[in-house]
Amino acid sequence: GKMVRQEKSKFNTRKYRLIVRFTNRRCICQIAYATIRGDMIVAQASSHELAKYEVPCGHKNYAAAYCTGLLVARRVLKKFGLDDKFKGKEEI
């Protein structure tokens, strides 16, 4: 299968993809698009940044991967000015 699906009528538009890498101690998420010069990174987040959000350890498990993905998603929305369109869950 293809990595990124796209309509045939859309020419020269950027195809964004989520890159997730697990190192020995952390999870790294990036949103990127390909150009002829190379891949351009739109935003990135590392699970080590979760320490700022009161997650002291366990930066390589399933929950940390989810939180890191959420972090990079919010950053991309903020960069494109769509962060106020998609609200997170306000109360539990």
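Since the structure is predicted, the reported quantities are computational estimates derived from the model, not experimental observations. (Residues numbered from 1 in each chain as written. Predicted model: local features only at pLDDT ≥ 70, side-chain atom pairs only at ≥ 80, totals over all residues. Heavy atoms only, no water.)

### Description of the pairing of strand 1 (residues 16-22)
The sheet contact formed by strand 1 and strand 2 (residues 27-34) spans 7 bridges and is antiparallel. Across the sheet, the residue bridging to Leu18 is Ile31, located in strand 2. Between strand 1 and strand 2, which pair antiparallel in sequence order, lie 4 residues. (Pairing = 2+ DSSP bridges. Helix = DSSP H or I, 4+ residues; strand = E, 2+ residues; numbered from the N terminus.)

### Concerning the pattern of salt bridges
For the structure shown, the criterion picks out 2 salt bridges. The salt bridge partner of Asp39 is Arg17, with a shortest N-O separation of 2.4 Å. Of this pair, Asp39 sits in strand 3 (residues 39-46) while Arg17 sits in strand 1; the two residues are 22 residues apart in sequence, bridging distant segments of the chain. For Asp39, a relative accessible area of 42% puts it in the partly exposed group. Judged by its relative accessible area of 19%, Arg17 falls in the buried class. Here Glu49 and Arg75 are joined by a salt bridge, their closest N and O atoms 2.4 Å apart. In this pair, Glu49 is assigned in the loop between strand 3 and helix 1 (62-79) and Arg75 in helix 1, connecting sequence segments 26 residues apart. We classify Glu49 as buried; its relative accessible area is 17%. Residue classification places Arg75 among the partly exposed positions, given a relative accessible area of 28%. (Salt bridge = Lys/Arg side-chain N within 4 Å of Asp/Glu carboxyl O. Buried < 20%, exposed > 50% of the residue type's maximum accessible area, 1.4 Å probe, protein only.)

### Topic: the side chain of Thr68
Summarising the element assignment, Thr68 is placed in helix 1. Looking at Thr68, its side chain comes within polar contact range of the main-chain oxygen of Ala64, at 2.6 Å. Apart from residues lying up to four places away in sequence, Thr68 is in contact with Cys27, Cys29, Ala45, Ser46, Ser47 and Leu50. (Polar contact = N/O pair within 3.5 Å; in protein donor to acceptor, adjacent residues only side chain to side chain. Contact = heavy atoms within 4.5 Å.)

### Some thoughts on the sheet that holds strand 1
The 3 strands are arranged 1-2-3 in an open sheet whose pairing can be described as antiparallel. The sheet is open, and its two borders are formed by strand 1 and strand 3, each paired with just one other strand. Strand after strand, the sheet turns through a mean of 25° between neighbouring axes, direction not considered. Where strand 2 meets strand 3, 7 bridges bridge the pair, whose relative direction is antiparallel. From the neighbouring strand, Cys29 faces strand 3, where its bridge partner is Ala45. Along the sheet, helix 1 contacts strand 1, strand 2 and strand 3; its crossing angle with strand 3, the most-contacted strand, is approximately 130°. (Axes fitted to C-alpha atoms, helices over the stretch in contact; angles between N-to-C directions.)

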